[in-house]
2 protein chains.
Amino acid sequence: PDTAASQGAEERNGQLTKPPGALGRLEDLAIWYAGWRGDARPQISAPQVIVFAGNHGVTAQGVSAFPAEVTEQMVLNFQHGGAAINQLARSAGARMDVHALDLDRPTADFTQGPAMSEEELLAALQTGWSSVDPEADLLVVGEMGIGNTTPAAAIACALFGGEAADWTGRGTGVDDAGLANKTRVVAEGVALHGGNGDGLEILRRLGGREIAAMAGAIAAARLLRIPVILDGFICSAAAACLERSVAGALDHAVAGHQSAEAAHRAVLERLNKEPLLSLGLRLGEGSGAALAIHILKSAIACHSGMATFAEAGVSDG
Amino acid sequence: PDTAASQGAEERNGQLTKPPGALGRLEDLAIWYAGWRGDARPQISAPQVIVFAGNHGVTAQGVSAFPAEVTEQMVLNFQHGGAAINQLARSAGARMDVHALDLDRPTADFTQGPAMSEEELLAALQTGWSSVDPEADLLVVGEMGIGNTTPAAAIACALFGGEAADWTGRGTGVDDAGLANKTRVVAEGVALHGGNGDGLEILRRLGGREIAAMAGAIAAARLLRIPVILDGFICSAAAACLERSVAGALDHAVAGHQSAEAAHRAVLERLNKEPLLSLGLRLGEGSGAALAIHILKSAIACHSGMATFAEAGVSDG
């Protein structure tokens, strides 16, 4: 981040017509955003939401309440504007792009071997990397992939340790027997692949194409100085692989929403991110982060639009 | 609320292309809003933000970090578009109105006698009542009034019991000595007026004109079936007077934001309202509720804009 811009934003914040600190986290967000954009009085006019879709070999183990063909059906729904994320992106004034990654070629079942080859991982990272609009000034990445809370749980368990049960939740809604089966699958995957190398190797062995694409997009955004709002459990697992590979890799990111998926809170705590919202969503698609675009836009609207005490002729206490 | 519209909205919610419950509180909000609007597939296109301003005789007791003339200075700032609430209202697509209530005639110091006469209370309630646009489809009421966390704390203490210290906070930022003084003032006011009649009589004796105007507007909105988003500590104290007078008087209202003012959480708990946001704001002006307009608009955008499983050709698990 640009120290001069951060300092300029902090000075401006102290002159605005409000008691010191009275806008709470909006003030911190504005100063943080100003630093990353290199502009002490920035605007947000071009947010981008990208939804990546992938299919997972591990669905053969019966880990999801929905059939795998729903991934492709939902991609069509995204393209036709019918999904929740379409409404949320439009409502937030964001451009939305959809990238389906080889849906007819699911990843390998990670209980049998690595989910992806090195070539497959690189191709997925590259898709994510190149999907970021360099002109965007805020980025949300979301995902669709039936079964993908299972790889996300496996990634979290491999990165952060503990038991498979600590990281495995109900996803879109498996029952108790389904949860037990899913926990077994996560445990088997971590037993087979855990402790193998750094974050990107864990991503390759336990992740999925849409998860890797999210990581690629988040990394590209950092290079482009585009701040990122992290979405839920799966997005955070993707992001955690980057942070494991390069400490500080997520300094340009805030957590948008704490998912109702039980282990998300723990992942955010490990990443030292306090979510902006907690409204019980557990949908993925980038939905929670898209909601949080409004919070960031509002923070910047206040920061860059308010009058100073001097401008308004208000006594500053 | 309209039971047929609520039921229609609940049915529609169950058919939308998402796992059941995956939009969390957005789903409950949409169904609740549909009921109050009498429309199973509603839109939000005309939110209204109204800021009421008043001055308080109790500032003679030195309860605020800011001088009383700041109330009027901030009214000018609202009118010129320079305050936080101007940016937040614009960002949320809301119309904003400002009503200054007899700023040159502060209420009486409630440690000496009732803050308002019956005529003054009625006039303030009436200003609030008549300021609501009957064509609005969502209402936020905010306030500006140097010193007004003191009457709000006194109202909360009179309504809910406990000690003055339980309800008295730092407002815009008094120091420890200021907080002790403010607590004494609240205790004196409650000792003089507490236990006097119902919510409206407590509002008259311990409140202020802008607080009464907020109550009047919230009551009018209910008659007009306009859902309300409650703001912070002062707005919630105003609303609590209505609830004390008529149980259920706030069924058309949700809590927008939990203020950093310490006692706000306790007031919301007594009102049985779970705040939508908690971002550390403690500004008043309607700022927290204005932020939450985005959440409600997003909930309705999803509810009314998403495709159903049948429309999108998606398998529903």
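The rules behind the values
Residues numbered from 1 in each chain as written. Chains lettered and ligands numbered in written order. Predicted model: local features only at pLDDT ≥ 70, side-chain atom pairs only at ≥ 80, totals over all residues. Heavy atoms only, no water. Pairing = 2+ DSSP bridges. Helix = DSSP H or I, 4+ residues; strand = E, 2+ residues; numbered from the N terminus. Axes fitted to C-alpha atoms, helices over the stretch in contact; angles between N-to-C directions. UniProt positions renumbered as here; feature names shortened; annotations may be inferred. Buried < 20%, exposed > 50% of the residue type's maximum accessible area, 1.4 Å probe, protein only. Contact = heavy atoms within 4.5 Å. Polar contact = N/O pair within 3.5 Å; in protein donor to acceptor, adjacent residues only side chain to side chain. Left-handed = near helix turned anticlockwise from the far one by under 90°. Nonpolar A, V, L, I, M, F, W, Y, C, P; charged D, E, K, R; others polar.

The next thing to look at is the sheet that holds strand S2 (residues 95-100) of chain A. Through backbone hydrogen bonds, the strands of a sheet pair up, either in parallel or in antiparallel fashion. All names here are of chain A. Spatially, S2-S1-S3-S4-S5 is the arrangement adopted by the five strands of the open sheet, whose pairing is parallel. Unpaired on one side and paired on the other, S2 and strand S5 (253-255) mark the two borders of the sheet. Averaged over all pairs of adjacent strands, the angle between strand axes in this sheet comes to 25 degrees, irrespective of strand direction. Sheet topology places strand S1 (residues 47-53) next to S2; six bridges connect them, and they run parallel. For Phe-52, the partnering residue across the bridge sits in S2 and is His-99.

Moving on, we get to the UniProt feature "active site" (unreviewed entry) in chain A. All names here are of chain A. In the numbering adopted here, UniProt assigns the feature "active site" (unreviewed entry) to Glu-285. With a relative accessible area of 1%, Glu-285 lands in the buried category. Apart from residues lying up to four places away in sequence, Glu-285 is in contact with Val-51, Met-74, Phe-78, Ala-83, Ala-84, Ile-85, Gly-142, Glu-143 and Asp-231. A polar contact of 3.2 Å, which involves the side chain of Glu-285, links it to the backbone nitrogen of Ile-85.

Turning our attention to the packing of helix H6 (residues 149-160) of chain A against helix H11 (residues 233-245) of chain A. Residue and element names in this part refer to chain A. Relative to each other, H6 and H11 sit at 35 degrees, their axes nearing to 9 Å. Crossing geometry of H6 relative to H11 is assigned as left-handed. Residues Thr-149, Ala-152, Ala-153, Ile-155, Leu-159 and Phe-160 of H6 touch H11, and the partners they reach there are Phe-233, Ile-234, Ala-237, Ala-240, Cys-241 and Arg-244. Classifying every residue of the contact of H6 with H11 gives 10 nonpolar, one polar and one charged.

Following the sequence through the fold, Val-314 of chain A ends up in the segment after helix H14 (309-312). Overall, the relative accessible area of 7% leaves Val-314 of chain A in the buried class. Distance from Val-314 of chain A to Leu-16 of chain A, taken between C-alpha atoms, is 9.9 Å for residues 298 residues apart in sequence. In contact with Val-314 of chain A, not counting residues within four places along its chain, are Thr-17 and Phe-309 of chain A together with Val-70, Gln-73 and Met-74 of chain B.

On to the environment of Asp-39 of chain A, then. Residue and element names in this part refer to chain A. Take Asp-39: it is sitting in the loop between helix H2 (25-37) and S1. Judged by its relative accessible area of 35%, Asp-39 falls in the partly exposed class. What Asp-39 contacts, discounting residues up to four positions off in sequence, is Ala-5 and Ala-34.

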